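Observations on the model geometry
Spelled out from the first residue to the last, the chains are:
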Amino acid sequence: MKNIFRNLILRILSKWRIRKGEKFSHNTRIVLRKIEKKEGLFIDEIRGNSLPKLDQARFRQQAKGDSLYLVAFIEKMPVGYIYINFSGTCKYHTSPVLQDLFVKSKLREQNIGTQIIQEAERILKSLNYKKLSLDVEVRNGWIQKLYEKQGFIKKGGHHEQSWIEEDSGKRVEIKVVYLEKNI
Ligand SMILES: CC(C)(COP(=O)(O)OP(=O)(O)OC[C@H]1O[C@@H](n2cnc3c(N)ncnc32)[C@H](O)[C@@H]1OP(=O)(O)O)[C@@H](O)C(=O)NCCC(=O)NCCS
């Protein structure tokens, strides 16, 4: 009972701190850990909206051992997430793919995204993977630079990707560059 009360207070405090756009000290470290389906609300809280079909598919894939849904916490406050797909989604993916790196909008530009990439890499290394990769939209040149600063290297030219977003029913068409890193 005491624990339930304590966790409730922590959740309220966490929501309040995020809402006011908490500024962290330079040395603040994240804890990145796998979340289970029952903790899916953390993702909604970070993203600021709910994509139930997407998340159900991701948790199904994680349950089969094909992926990892990882959430970053600072002092128990969910601040960002990343989804790792072990086998990728395109022919040219030959290693686990980092998908959907996301940091709570009010908490951006405080080194959280960089730490999530570094921690995800550490987790994959501990699982004996030797390489990781990702696609980044061509129009997001600064995000490509963010990954290149972490040692990712662009391979080949552009790729066209298209899919139907299950939650909105909208067709998405994007142009991406493919980056890889040996770990
Ligand atoms: C991309 C994202 C995860 C970055 O997270 P973040 O916590 O703000 O990133 P960091 O604070 O670690 O910043 C890393 C670098 O990017 C730079 N950067 C961050 N936001 C930036 C912006 N809006 N424009 C230009 N540069 C930016 C930082 O200055 C920093 O550069 P430096 O290392 O040279 O100082 C975050 O902006 C986000 O969630 N965006 C929406 C989702 C998205 O587009 N994800 C990318 C999928 S590939």
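Preceding block: the structure.
Quantities reported herein were computed from a predicted structural model and do not represent experimental measurements. (Residues numbered from 1 in each chain as written. Predicted model: local features only at pLDDT ≥ 70, side-chain atom pairs only at ≥ 80, totals over all residues.)

1. Looking at the site of the ligand
Contacts to the ligand come from 15 residues, most closely from Arg 108, Ile 112, Gly 113, Thr 114 and Trp 142. Taken together, the elements giving at least two residues each to the shell around the ligand come down to strand S4 (97-103), helix H4 (112-126) and helix H5 (141-149). In terms of residue count, H5 provides more of the shell around the ligand than any other element does, four residues in total. Its residues placed into classes, the shell around the ligand shows eight nonpolar, four polar and three charged. (Near = placed C-beta within 6 Å. Helix = DSSP H or I, 4+ residues; strand = E, 2+ residues; numbered from the N terminus. Nonpolar A, V, L, I, M, F, W, Y, C, P; charged D, E, K, R; others polar.)

2. Structural notes on the nonpolar core
The tendency in soluble globular proteins is for nonpolar side chains to be buried as a group. Ranked by size, the top nonpolar core spans 32 residues in total, and within it Leu 70, Val 79, Tyr 81, Ile 82, Leu 98, Ile 116 and Ala 120 carry the most contacts. Of all the secondary-structure elements, those providing two or more residues to this core are helix H2 (41-47), strand S2 (67-74), strand S3 (77-85), S4, H4, strand S5 (131-137) and strand S7 (171-182). Leaving out residues up to four positions away in the same chain, Tyr 81 has contacts with Ile 43, Ile 46, Tyr 69, Leu 70, Val 71, Ala 72 and Phe 102. (Core = buried A, V, L, I, M, F, W, Y, C linked by C-beta atoms within 7 Å. Buried ≥ 20, exposed ≤ 12 C-beta atoms within 10 Å, placed from the backbone. Contact = placed C-beta atoms within 7 Å.)

3. A word on helix H3 (residues 52-63)
The end-to-end C-alpha distance of H3, which contains twelve residues, comes to 16 Å, matching closely the 16 Å that a straight helix rising 1.5 Å per residue would cover. In the stretch just after H3, Gly 65 is the one whose phi turns positive, near 85°. (Expected span 1.5 Å × (residues − 1).)

4. A word on unusual backbone geometry
Despite not being glycine, Glu 75 shows a phi value in the positive range, around 45°. Relative to the helices and strands, Glu 75 resides in the loop between S2 and S3. The exposure class assigned to Glu 75 is partly exposed, which follows from the 14 C-beta atoms found within 10 Å. Although it is not a glycine, Glu 109 adopts a positive phi angle of roughly 60°. Looking at the element boundaries, Glu 109 is found in the loop between S4 and H4.

5. Concerning the environment of Pro 78
Here Pro 78 is to be found in strand S3. Put simply, Pro 78 and Val 172 are 94 residues apart on the chain and 28 Å apart in space, counted from C-alpha to C-alpha.

6. Description of the pairing of S3
S3 sits mainly inside the fold: eight of its nine residues count as buried. Note that S2 and S3 share eight bridges and pair antiparallel. Residue pairing in the sheet places Leu 70 in a bridge with Ile 82 of S3. Counting the residues that bridge the hairpin from S2 to S3 gives two residues, and of these Glu 75 lies at a positive phi of roughly 45°. Bridge analysis of S3 against S4 gives five bridges, and the strand direction is antiparallel. The partner of Tyr 83 across the bridge, within S4, is Gln 99. (Pairing = 2+ DSSP bridges.)

7. Observations concerning the environment of Lys 125
With respect to the secondary-structure elements, Lys 125 resides in helix H4. Lys 125 sits 57 residues away from Asn 182 along the chain, and the two C-alpha atoms are 9.9 Å apart.

So yeah, pure geometry; function would need other evidence.
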